[in-house]
Amino acid sequence: NFVGRKAEFGYIARDGLLGSLQQWQYPPIGITYDAIVKHELATGEVVDTWDCSGSGLHLFEPQFVPREEEEGGRSGKEDDGFLVLFSTDAKRDKSFFVILDASDLASGPAAMIEVPQSQKVCSGLHGCWIPLAKKSLKMEGAT
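Residues numbered from 1 in each chain as written. Predicted model: local features only at pLDDT ≥ 70, side-chain atom pairs only at ≥ 80, totals over all residues. Heavy atoms only, no water.

1. A word on the confidence of the model for the protein chain
Selection rule: Every residue carries a pLDDT, the predictor's confidence in it, which falls somewhere between 0 and 100. Only DSSP runs of H or I with at least four residues qualify as helices, and only runs of E with at least two residues qualify as strands; both kinds are numbered from the N terminus onward.
Of the residues in the protein chain, 64% have a pLDDT of 70 or more, and the chain-wide mean is 78. Taken element by element, the protein chain is modelled with least confidence in strand β1 (residues 9-15), mean pLDDT 85, and with most confidence in strand β8 (residues 109-115), mean pLDDT 94.

2. Quick word on the pattern of salt bridges
Where side chains of opposite charge bring their charged atoms close, a pairing between them can arise. Note the threshold: Salt bridges are identified by distance alone: a Lys or Arg side-chain nitrogen within 4 Å of an Asp or Glu carboxyl oxygen. Buried, partly exposed and exposed residues are distinguished by accessible area as a fraction of the type maximum, computed with a 1.4 Å probe on protein chains only: under 20%, between the cut-offs, and over 50%, respectively.
Applying the stated criterion across every chain yields a total of six salt bridges. Asp89 serves as the salt-bridge partner of Arg92, at 2.9 Å between the closest nitrogen and oxygen. Residue classification places Asp89 among the buried residues on the basis of a relative accessible area of 6%. For Glu114, the salt bridge goes to Lys94, with nearest N and O atoms at 3.1 Å. Within this pair, whereas Glu114 is found in strand β8, its partner Lys94 is found in strand β7 (residues 94-101), the two being separated by 20 residues in sequence. With a relative accessible area of 25%, Lys94 lands in the partly exposed category. Through salt bridges with shared partners, one network takes in Arg14, Asp34 and Asp51.

3. Observations regarding the pairing of strand β6 (residues 81-89)
Note the cut-off: Strand pairing is assigned whenever DSSP identifies at least 2 bridges connecting the two strands.
With respect to burial, β6 is a largely interior element, seven of its nine residues being buried. Pairing analysis gives four bridges linking strand β5 (residues 63-66) to β6, with the strands arranged antiparallel. Paired with Phe64 across the two strands is Leu83, which belongs to β6. In this antiparallel pair of consecutive strands, β6 and β7, the connection spans four residues, and Asp93 shows a positive phi of 55°.

Structure (structure tokens):
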């Protein structure tokens, strides 16, 4: 649980304008994000990147999901987990649920799960990861 603890890393979806503006301004309408960037917050240094610019993939907001202890235990490192996000491939007209290893973004996706065509993900979707309480959630009508 990282609530209330000082964070070591921050993750953002990078747009094509990052670092190219002389002063801050609102981004243009229709801006797309082409990379996931990991920053070391103490220094501001970029320490890892998954860059898919030119591939046709448009990325949405990443969410950090810590590795479950049942999956071999946590290493104690803050980036021991996954980034999950949606993406749209404009060239193939498909949407994907993307899973990245948060400790090694440059290796690319651990998995890209295609979203059924009838359920394409709209541009600009925001996300929020909420872990399932193993014993406290019972879905109505579940068997």
